[in-house]
Amino acid sequence: SRPFTEVALFSVSSYACQRRTTLDNHNSNLTDALSLLAENAELSNEDGRGVAFRRAAALLKALPTQVISMSQLRGLPCLGEHSLRVIKDVLENGVSSEVESTKQSKRYKALKILTGIFGVGAKTADRWIREGIYNLEQLRDSGQTLNRAQKAGLEHYDDLNEPVTKAEADAIGEIVQKAVNSVLPGSEVALTGGFRRGKLTGHDVDFLITHPEEGKEVGLMPKVVAWLESQKTTRNSYLESKDGPARPASNMDRFERCFSIFKLTKRKEQETASHKIWRAVRVDLVVSPISQFAFAVLGWTGSKLFERELRRWAGHEKNMSLSSHALFDNTQNKYLRATSEEEIFAYLGLEYIPPSERNA
Ligand code: GTP
Ligand code: MN
Ligand code: MN
C-alpha cells in the first residue's frame, strides 16, 4: 500500500460556460446538499444566496473525481464560506446539519408542496403559508381563489410531480410535430431543455418551433394550441396552459410561448393498477423566427446556471449582451448574426460546449 493518501488538486475555470459538465456527477452527496439550500433560498426570495449555492454545486459537478478531503478544494473558485461549511459538514459527518434542519422545517416542506402546483410560485406559496395553509388539503379547504392554471395544477398534482421519461418526451414530440405540421407545413420542431442535454427524466418537455421562411411563424402558437385543443376526443390532447396565447406576452421574453399541460395516453405496458390510461405532462412550447433560432436554441437548452454564466461571461468579459433572441456587441454597437450555436460560442470567444456538457 502507498504511504500517503493521494490528494488530487483540481484546476477549474470560474465560469460554468468554460467547463464541460456531463451528467456523470462524482460529487452528488455534496451537490444534492448545496442544491437543496439553493432551492430553499430561491423559494425564500433570496436570489443572491441561491445563485451562490448553485455556482458552488455546479463547480463540484465539473470535478473529474469524488472529493474526499477539504484540502482538495483549496484555491478553487465559486466556493464561498457558507458553501465550504456545508461541504465540510457532509465530508465529516455524512450529512449537513443545515440541510437536515431545512428539510425538516415546516416552512420548507410547505413551500415544496405548494410550489409543486403548476402556476404557483414562491410569492403565492409564501402568502398562503402566512395564512396558515401548509398542504393541499388545507388549500382545498381554504376557499382560496385559484386561476385556471392553478386549478389544473391541483387537479393533476400527482401526475405533474412524477418525472417525465425520455419515452414520454418522444411521444409528446410526435404529437407536437403533428400539430405543427398540420397548421403550418414546413415548420420545424426542436427538442430543447434537459432532454436535449441527455437527461433521462425531466420535470417537463421543452420544444422550440420555427419556420425556415422568416415571418411565417407569426401567429403560429395560437393555431398550434387550437389544433391540440380540437383533439379533445382523441387519445392525446391539450389540457391547460398559463402565459399562453390567451394572455398578452410578458415583456420578460418576447417569444410566443406557452407553458402547458398535455394529456398523454399511456402505452399498454405503462398502465398502472389505478387503471388510468392517460397522464398529464408539463410541456413548454416556444416559437421563434428563424433569424433568432440559434439564440433561442442556446437559450432554452439550459441548464439554467449554464445560461446565467453565458450571460455573465458575455457582459463581464466581452462587453456583449446575450439573450434568447440576439447577441449585441456594446463595443461595436451592433448585433452579431448567427445561424448556429457554434457561431455564438465563437463570437463569445468560448470553446464550443455541446449540450451534453452543459449540465452545470
Ligand atoms: P427539467 O425540465 O427540470 O428537466 O430541466 P430543464 O433544464 O429542462 O429546465 P426548464 O424546463 O425549467 O428550463 C429549460 C431552459 O429554458 C433553461 O435553459 C431555462 O433557462 C430556460 N427558460 C425557462 N424559463 C424561461 C423563460 O421564462 N425565459 C427564457 N428565455 N428562458 C427560460
Ligand atoms: Mn425542461
Ligand atoms: Mn421548461
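The shown structure was predicted, so the numbers you read here are calculated from the model rather than taken from an experiment.

Thresholds applied
Residues numbered from 1 in each chain as written. Chains lettered and ligands numbered in written order. Predicted model: local features only at pLDDT ≥ 70, side-chain atom pairs only at ≥ 80, totals over all residues. Heavy atoms only, no water. Helix = DSSP H or I, 4+ residues; strand = E, 2+ residues; numbered from the N terminus. Buried < 20%, exposed > 50% of the residue type's maximum accessible area, 1.4 Å probe, protein only. Contact = heavy atoms within 4.5 Å. Areas by Shrake-Rupley, 256 points an atom, 1.4 Å probe, with all protein chains shown as cover. Salt bridge = Lys/Arg side-chain N within 4 Å of Asp/Glu carboxyl O. Phe/Tyr/Trp six-rings, centres within 6.5 Å; stacked < 30°, edge-to-face > 60°. Lys NZ or Arg CZ within 6 Å of the ring centre and 35° of its normal. Donors = N, O, S within 2.8 Å, 3.2 Å for Na, K, Ca; no water. Pairing = 2+ DSSP bridges. Expected span 1.5 Å × (residues − 1). Axes fitted to C-alpha atoms, helices over the stretch in contact; angles between N-to-C directions. Parallel < 35°, antiparallel > 145°, perpendicular 65-115°, else oblique. Left-handed = near helix turned anticlockwise from the far one by under 90°.

Participant: Quick rundown of the overall build of the chain? Include the residues and the values.
Facilitator: A tally of helices and strands in the chain yields 15 helices and 10 strands. A burial count over the chain gives 48% of its 360 residues as buried. Put simply, 64% of the contacts in the chain that link residues at least 6 apart link residues at least 24 apart. Accessible surface for the chain amounts to roughly 18,400 Å². Of this, 49% is attributable to carbon and sulfur atoms.

Participant: Describe the pattern of salt bridges, listing the residues and the values that go with them.
Facilitator: A full pass over the atoms with the stated rule returns 17 salt bridges. Of the charged contacts in the structure, one is a salt bridge between Glu-39 and Lys-112, with a shortest N-O distance of 2.8 Å. Highlighted residues: Glu-39 in helix 1 (residues 28-43) and Lys-112 in helix 5 (residues 106-115), separated in sequence by 73 residues. Classification of Glu-39 by relative accessible area gives partly exposed; the value is 21%. For Lys-112, a relative accessible area of 37% puts it in the partly exposed group. In this structure, the salt-bridge partner of Asp-170 is Lys-166, at a minimum N-O distance of 2.7 Å. Here the residue Asp-170 and the residue Lys-166 both occupy positions in helix 10 (residues 166-183), the gap between them amounting to four residues, near one helical turn. Judged by its relative accessible area of 30%, Lys-166 is partly exposed. Linked through salt bridges whose partners overlap, the residues forming this network are Arg-20, Glu-351 and Glu-357.

Participant: Requested: an account of the packing of aromatic side chains, with residues and values cited.
Facilitator: The relative placement of two aromatic rings is captured by the distance of their centres and the angle of their planes. In total, this model carries three aromatic pairs according to the counting rule given. Ring centres of Phe-345 and Tyr-352 lie 5.1 Å apart, and the angle between their planes is 80 degrees; on these two criteria the pair is classed as edge-to-face. Residue classification places Phe-345 among the buried positions, given a relative accessible area of 1%. The class for Tyr-352 is partly exposed, based on a relative accessible area of 25%. Its guanidinium or amino end placed over the ring of Tyr-134, Lys-106 lies 4.2 Å from that ring's centre, counting from NZ or CZ. It is Lys-263 that lies over the ring of Trp-278; its NZ or CZ is 5.3 Å from the centre.

Participant: Outline the coordination of the manganese ion (ligand 3), supporting the account with residue identities and numerical values.
Facilitator: Protein-derived coordination of the manganese ion (ligand 3) comes from Asp-204 (OD), Asp-206 (OD) and Asp-284 (OD), at a distance range of 2.1 to 2.2 Å. Look at where the donors of the manganese ion (ligand 3) fall in the sequence and you get D-x1-D-x77-D. A separation of 3.5 Å is found between the manganese ion (ligand 3) and the manganese ion (ligand 2), which are bridged by Asp-204. One exposure class covers both Asp-204 and Asp-206, and it is buried.

Participant: Any details on the environment of Gly-349? Residues and values, ideally.
Facilitator: Mapped onto the elements of the fold, Gly-349 is located in the segment after helix 15 (341-347). Along the chain, Gly-349 and Val-225 lie 124 residues apart, while their C-alpha atoms are 39 Å from each other. Not counting residues within four places of it along the chain, the set of residues in contact with Gly-349 comprises Trp-313 and Lys-318.

Participant: A description of the sheet that holds strand 8 (residues 320-322) should follow, citing residues and the corresponding values.
Facilitator: The strand order 8-9-10 describes an open sheet built from three strands, whose pairing is antiparallel. Each having just a single partner strand, strand 8 and strand 10 (334-335) make up the two edges of the open sheet. Sheet topology places strand 9 (residues 327-329) next to strand 10; two bridges connect them, and they run antiparallel. Opposite Asp-329, over in strand 10, you have Lys-334 as the bridge partner.

Participant: For helix 14 (residues 304-318), give the residues involved together with the corresponding values.
Facilitator: For helix 14, which comprises 15 residues, the first-to-last C-alpha distance of 20 Å matches the rise-based estimate of 21 Å (1.5 Å per residue) to within 8%. Residues of helix 14 that are buried include every one of Leu-305, Phe-306, Glu-307, Glu-309, Leu-310, Trp-313 and Ala-314, and no others. If you follow the buried residues of helix 14, they end up packed against helix 2 (47-61), helix 13 (293-301), strand 8 and helix 15. Where helix 14 ends, the next residue or the one after it, Asn-319, has phi of about 50 degrees, a positive value.

Participant: Which residues make up the packing of helix 5 against helix 6 (residues 122-130), and what values go with them?
Facilitator: Between helix 5 and helix 6, whose axes approach to 9 Å, the crossing angle comes to 125 degrees. Looking at the two axes, helix 5 sits oblique to helix 6. Crossing of helix 5 over helix 6 shows right-handed handedness. Along its contact with helix 5, which presents Arg-107, Ala-110, Leu-111, Leu-114 and Thr-115, the element helix 6 presents Ala-122, Ala-125, Asp-126, Trp-128 and Ile-129.

Participant: I'd like a description of the pairing of strand 6 (residues 256-265), backed by residues and values.
Facilitator: Extensive coverage of strand 6 is indicated by the burial of nine of its 10 residues. Here strand 6 pairs with strand 7 (residues 278-287) via 10 bridges, running antiparallel. Residue pairing for strand 7: Cys-258 is matched across the bridge by Leu-285.

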